[in-house]
Amino acid sequence: MTLPTRTLGRSGLTVSTLGLGCMGMSEFYGTRDDAESIATIHHALDLGVNFLDTADMYGPHTNEKLVGRAIADRRDDVILATKFGIVRDPDDPNSRSINGRPEYVRSACDASLARLGVDHIDLYYQHRVDPDVPVEDTVGAMAELVEAGKVRYLGLSEAAAETIRRAHAVHPIAALQSEWSLWSRDIEGSIVNTCRELGVGIVPYSPLGRGFLTGTITSVNDLDEDDVRRRFPRFSQEALERNLELVTHVTKIAKDKGCHPTHVALAWLLAQGSDVVPIPGTRRRQYLEANIAALEVDLDADDLAALDVMVPVGDRYGDMTFVAGVTPPRSDEDQHQS
């Protein structure tokens, strides 16, 4: 099966219009099921979803190994993205640090290649900007990986507009990965505008608001006991109840369109520009199919205008630090506000 494709900015990297986020297959969102996860990756490839996203910190390391097993005999079908920079303490699963030093960039890439079982990575992101290392130094080391044939394209994740400019001056940045959805819209404005000025594609993660925009989460009790979302301020019962107005609004439009709220949320994001490639995450084939169905939904100008006025309540992470790849909010130019 062939899905429509999009090119990430002016990079030349062409991928399926929707990607597949693989993080939740290994941790954070409840019980893992490797067999179903691998079946979901295979099903994605069969359906034409060729853009797979992972990171070395997911698991940690186990997610890259899982993806590597899944694509072992289908490497040519895949545009493979992974990330480096968030380092987890093996003795304390909740402890994180950021490392953007050039020597670490090189060693992290080699380790990811080995875990994934591939000879090159298609899109290699700096997962979070290291405030103690000039981004020019980090991207310079990443550029050496391109020259060595280990990486094809470079990306940043959750970077500020000025940081993107500085990085792009060293080596073309193909994509910025940041959280973006009807529930998280803080990259709109300077960050999106900078990406478009420079020809950087935009890869939104959590495009369904970490599941909230699907309409299936109305209480914290809908989440597994070990689900990391229980620790997010927006998933507190009070915040959920106040934000349900947004979900009700999305659900109403979905009903009028004869589709599911998931489809409306993804269709809204896809309508933000042809350089936008969301990567909804799932570990189940049925949800993968539901996500793909969003490509059949057309939102008119009235629909988009109605959705634009809905403003979510609450910070994304509040005072949390380093949970599920989250870094603490910073005010300097080298870290986009989380």
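Definitions and cut-offs
- Residues numbered from 1 in each chain as written.
- Predicted model: local features only at pLDDT ≥ 70, side-chain atom pairs only at ≥ 80, totals over all residues.
- Heavy atoms only, no water.
- Helix = DSSP H or I, 4+ residues; strand = E, 2+ residues; numbered from the N terminus.
- Polar contact = N/O pair within 3.5 Å; in protein donor to acceptor, adjacent residues only side chain to side chain.
- Contact = heavy atoms within 4.5 Å.
- Axes fitted to C-alpha atoms, helices over the stretch in contact; angles between N-to-C directions.
- Parallel < 35°, antiparallel > 145°, perpendicular 65-115°, else oblique.
- Left-handed = near helix turned anticlockwise from the far one by under 90°.
- Nonpolar A, V, L, I, M, F, W, Y, C, P; charged D, E, K, R; others polar.
- Salt bridge = Lys/Arg side-chain N within 4 Å of Asp/Glu carboxyl O.
- Buried < 20%, exposed > 50% of the residue type's maximum accessible area, 1.4 Å probe, protein only.
- Core = buried A, V, L, I, M, F, W, Y, C linked by side-chain atoms within 4.5 Å.
- Phe/Tyr/Trp six-rings, centres within 6.5 Å; stacked < 30°, edge-to-face > 60°.
- Pairing = 2+ DSSP bridges.
- pLDDT = per-residue confidence, 0-100.
- Expected span 1.5 Å × (residues − 1).

Draft legend 1. Quick peek at the side chain of Thr-17. Here Thr-17 lies in the loop between strand E2 (14–16) and strand E3 (20–21). Within the structure, Thr-17 has its side chain in polar contact with the backbone oxygen of Pro-4 (distance 2.8 Å). In terms of polar contacts, Thr-17 uses its side chain to reach the backbone amide nitrogen of Thr-5, at 3.5 Å. Beyond its immediate stretch of four places on either side in the chain, Thr-17 contacts Pro-4, Thr-5, Arg-6, Leu-270, Val-276, Val-277, Pro-278 and Leu-295.

Draft legend 2. Structural view of the packing of helix H1 (residues 34–47) against helix H9 (residues 285–292). Running from N to C, H1 and H9 cross one another at 30°; their axes reach a closest spacing of 9 Å. Taken together, the axes of H1 and H9 lie roughly parallel to each other. Along this stretch, H1 crosses H9, giving a crossing that reads as right-handed. Here Glu-36, Ala-39, Thr-40, His-43, Ala-44 and Leu-47 of H1 lie close against H9, whose contacting residues are Arg-285, Leu-288, Glu-289 and Ile-292. Considered class by class, the residues forming the contact of H1 with H9 number five nonpolar, two polar and three charged.

Draft legend 3. Molecular detail of the pattern of salt bridges. Under the definition given, this model contains 22 salt bridges. One salt bridge in this structure joins Arg-69 and Asp-34, with 3.6 Å as the shortest N-O distance. Pair noted here: Arg-69 is in helix H2 (residues 62–70) and Asp-34 is in helix H1, with a separation of 35 residues, a long-range link. Asp-34 gets classed as partly exposed once you look at its relative accessible area, which sits at 24%. Ionic pairing is found between Lys-257 and Asp-303, a salt bridge with its closest N-O pair at 2.7 Å. Of this pair, Lys-257 sits in helix H7 (residues 237–257) while Asp-303 sits in helix H10 (residues 301–308); the two residues are 46 residues apart in sequence, bridging distant segments of the chain. By relative accessible area, which is 35% here, Lys-257 ends up partly exposed. One connected set of salt bridges, linked through shared partners, spans Arg-32, Asp-34 and Arg-69.

Draft legend 4. Focus on the nonpolar core. Among the nonpolar cores identified, the biggest contains 88 residues, and Leu-20, Ile-41 and Ile-164 are the most heavily contacted of them. Discounting chain neighbours no more than four positions away, the residues touching Leu-20 are Met-25, Thr-40, Ile-41, Ala-44, Val-49, Phe-51, Leu-52, Asp-53, Ile-279, Pro-280, Thr-282 and Leu-288. One finds Val-15, Tyr-125, Ala-175 and Val-277 within the second-largest nonpolar core, a separate group that totals 15 residues.

Draft legend 5. Highlighting the packing of aromatic side chains. Taken as a whole and judged by the stated rule, the model has three aromatic pairs. Both rings, one in Trp-180 and one in Trp-268, keep their centres 6.4 Å apart while their planes meet at 80°; by these two values the pair is edge-to-face. Of this pair, Trp-180 sits in the loop between strand E10 (175–179) and helix H6 (190–198) while Trp-268 sits in helix H8 (residues 261–270), placing them 88 residues apart in sequence. When its relative accessible area of 2% is taken as the criterion, Trp-180 is described as buried. Here Trp-183 and Phe-212 contribute two aromatic rings whose centre-to-centre distance is 4.4 Å and whose plane-to-plane angle is 20°, an arrangement assigned as stacked. Highlighted residues: Trp-183 in the loop between E10 and H6 and Phe-212 in the loop between strand E11 (201–205) and H7, separated in sequence by 29 residues. For Trp-183, a relative accessible area of 2% puts it in the buried group.

Draft legend 6. Expanded view of the pairing of strand E8 (residues 121–126). The buried fraction of E8 is high, at six of six residues. When strand E5 (residues 79–84) meets E8, the two strands line up parallel, connected through four bridges. In the sheet register, Ala-81 faces E8, and the bridge partner there is Leu-123. When E8 meets strand E9 (residues 151–157), the two strands line up parallel, connected through five bridges. When the sheet's bridge partners are listed, Gln-126 is paired in E9 with Leu-156.

Draft legend 7. Local environment of the confidence of the model for the chain. Here the chain shows a mean pLDDT of 89. Residues at 70 or above account for 91%. In the predicted structure, residues 317–338 sits below a pLDDT of 50 and forms 66 contacts with residues beyond four places in sequence or in another chain.

Draft legend 8. Looking closely at helix H4 (residues 135–147). Between its terminal C-alpha atoms H4 stretches 18 Å, which fits the 18 Å expected from 13 residues at 1.5 Å a residue. All of the buried residues in H4 are Val-135, Thr-138, Val-139, Ala-141, Met-142, Ala-143 and Leu-145. Considering only its buried residues, H4 is in contact with E5, helix H3 (102–116), E8, E9 and helix H5 (161–170). Just downstream of H4, Gly-149 is the residue with a positive phi angle, here 80°.

Draft legend 9. Representation of unusual backbone geometry. The amide bond that connects Gly-59 to the next residue, Pro-60, takes the cis arrangement and shows omega of -5°. Residue placement: Pro-60 occurs in the loop between strand E4 (51–53) and H2. With a phi angle near 55°, Glu-158 is a residue other than glycine that sits in the positive phi range. In this fold, Glu-158 is placed in the loop between E9 and H5. Owing to a relative accessible area of 0%, Glu-158 belongs among the buried residues under this scheme. Despite not being glycine, Ser-206 shows a phi value in the positive range, around 50°. With respect to the helices and strands, the residue Ser-206 is situated in the loop between E11 and H7. Looking at Ser-206, the relative accessible area reads 14%, which means it is buried.

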